[in-house]
Amino acid sequence: MADITPEVRALMRPSAAALEPYDPAFSPVDVILSANENNYGIPPEVAPILAEAVAGAAWNRYPAPLGGRLRARLAAWHGVAPEQVIIGNGGDELLFNLFLAFGGAGHTLVSCPPTFSVYGLYASMVETPVAEVFRGRDFAPNVDALAEAARTATLVVVTSPNNPTGDLFPREGVRRLCEACPGIVLVDEAYIEFSDPGSSVDDLLGEYENLAVLHTFSKAFALAGTRVGYVLAGAPVVAALAAVRQPYSVSAPDQAAALAAVTHREAFRPAIEAIRLGRGRLSAMLGGLAALGVRVWPSQANFVCARVPHAHDVWRRLRDEHSILVRDFSSTPGLEGCLRITVGTPGEIDLVAAALDTILKGE
Ligand SMILES: *Cc1c(COP(=O)(O)O)cnc(C)c1O
């Protein structure tokens, strides 16, 4: 990527001129455990159905702006009205739209770092002031302080399970935020399918008109390449998000792929279950390296957060000597020494555990 020259930067809107292009820190490797994708892919029995659905999409026609059949199917699945569902070009577009609709100068965001960096990025793009309520020991959110900050906020975003720490946000805490906040409370549930049953706060939508819940097809449903996400919220909040969206942001083939995934969602269960089991195994293997200075936190997502000695060095050696890419958070405030490791297939778990063992034992 070329640098933005001073001449070009001088032409940019001040809040945009402060930014650099997003770098997913990707390098070509054999084992990709850096982006929390589903390394099992589409279940083999669903793959041909999905391919046929995509091939049969109306390529010459603009797609249904609000998702038509996909929206109806998502509403039926979650037991809400279609007017309470909005689809986006990945969860990321919906997050951006949330800030376009509800953020901006004088509209404060309350966030709970360390968390997904995209919230802060989008907030700054639309000049939204951010009140950060940092997590405490073992990444526990400070619900009292969040609720206090929420009283004067336009937008509160919490992540459950949180990326990259893996913990669920307490359900009672979501209730308190919805009650305290005069604005919108978004719960980002991008990884909720990997959590224990009953962990989603979708069922609180009927109680709180200011609650919105974000979901995505990128993680459990193995469709990160198609870019489809959705928000469930009260119909007026959905209408506000619809007002700021690009009308045709989710392509017809992408809608068809997501519809096939929802229709056959039970077929994704075995891989999700295998990832949950793999998470336990990976956590135990990392826990077994405690004597070498490794610390791992419990996770309800498809990744684990671990603190390792000389983390940046370990990250580089995993990549260069073992062709395994994980995510380095060691220079992020609050995540000193931490790496985030996606739970891959059983073979990939063995490889990353063995590689860490080798590197940390100094062999
Ligand atoms: C991956 C992720 C998303 C959404 O990703 P998309 O691919 O844009 O749907 C949203 N929130 C968090 C915390 C994520 O990790």
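Reference entry: report on the structure contained in this document. (Residues numbered from 1 in each chain as written. Predicted model: local features only at pLDDT ≥ 70, side-chain atom pairs only at ≥ 80, totals over all residues. Heavy atoms only, no water.)

### Describing the sheet that holds strand β4 (residues 130-132)
Phase 1: In spatial order, the strands read β2-β8-β7-β6-β5-β3-β4; together these 7 strands make up an open sheet with mixed pairing. The open sheet has two edge strands, β2 (85-88) and β4, and neither has a second partner. Taken over all neighbouring pairs, the strand axes of this sheet differ in orientation by 20° on average, direction set aside.
Phase 2: For strand β7 (residues 211-216) and strand β8 (residues 229-233), the ladder comprises 5 bridges, and the chain directions are antiparallel. Following the sheet pairing, V213 is matched in β8 by L232.
Phase 3: Set on the sheet, helix α4 (residues 68-78) makes contact with β2, β7 and β8; between it and β2 the angle comes to about 130°. (Pairing = 2+ DSSP bridges. Helix = DSSP H or I, 4+ residues; strand = E, 2+ residues; numbered from the N terminus. Axes fitted to C-alpha atoms, helices over the stretch in contact; angles between N-to-C directions. Contact = heavy atoms within 4.5 Å.)

### Here's the deal with the pattern of salt bridges
Phase 1: All chains considered together, the criterion is met by 18 salt bridges.
Phase 2: Here R176 ties to D144 by a salt bridge, and the two come within 2.9 Å at their closest N and O atoms. With R176 in helix α8 (residues 171-180) and D144 in helix α7 (residues 143-150), this residue pair connects regions lying 32 residues apart in the sequence.
Phase 3: When its relative accessible area of 34% is taken as the criterion, R176 is described as partly exposed.
Phase 4: Here D357 ties to K361 by a salt bridge, and the two come within 3.1 Å at their closest N and O atoms.
Phase 5: Exposure remark for D357: the relative accessible area of 23% places this residue in the partly exposed category.
Phase 6: Residues participating in the shared-partner salt-bridge network are D313, R316, R319 and D320. (Salt bridge = Lys/Arg side-chain N within 4 Å of Asp/Glu carboxyl O. Buried < 20%, exposed > 50% of the residue type's maximum accessible area, 1.4 Å probe, protein only.)

### Considerations on the pairing of β8
Phase 1: With 5 of 5 residues buried, β8 is to be regarded as a mostly interior element.
Phase 2: Residues G229, V231 and A233 line one face of β8 and the alternating positions Y230 and L232 line the opposite face, and both faces are buried.

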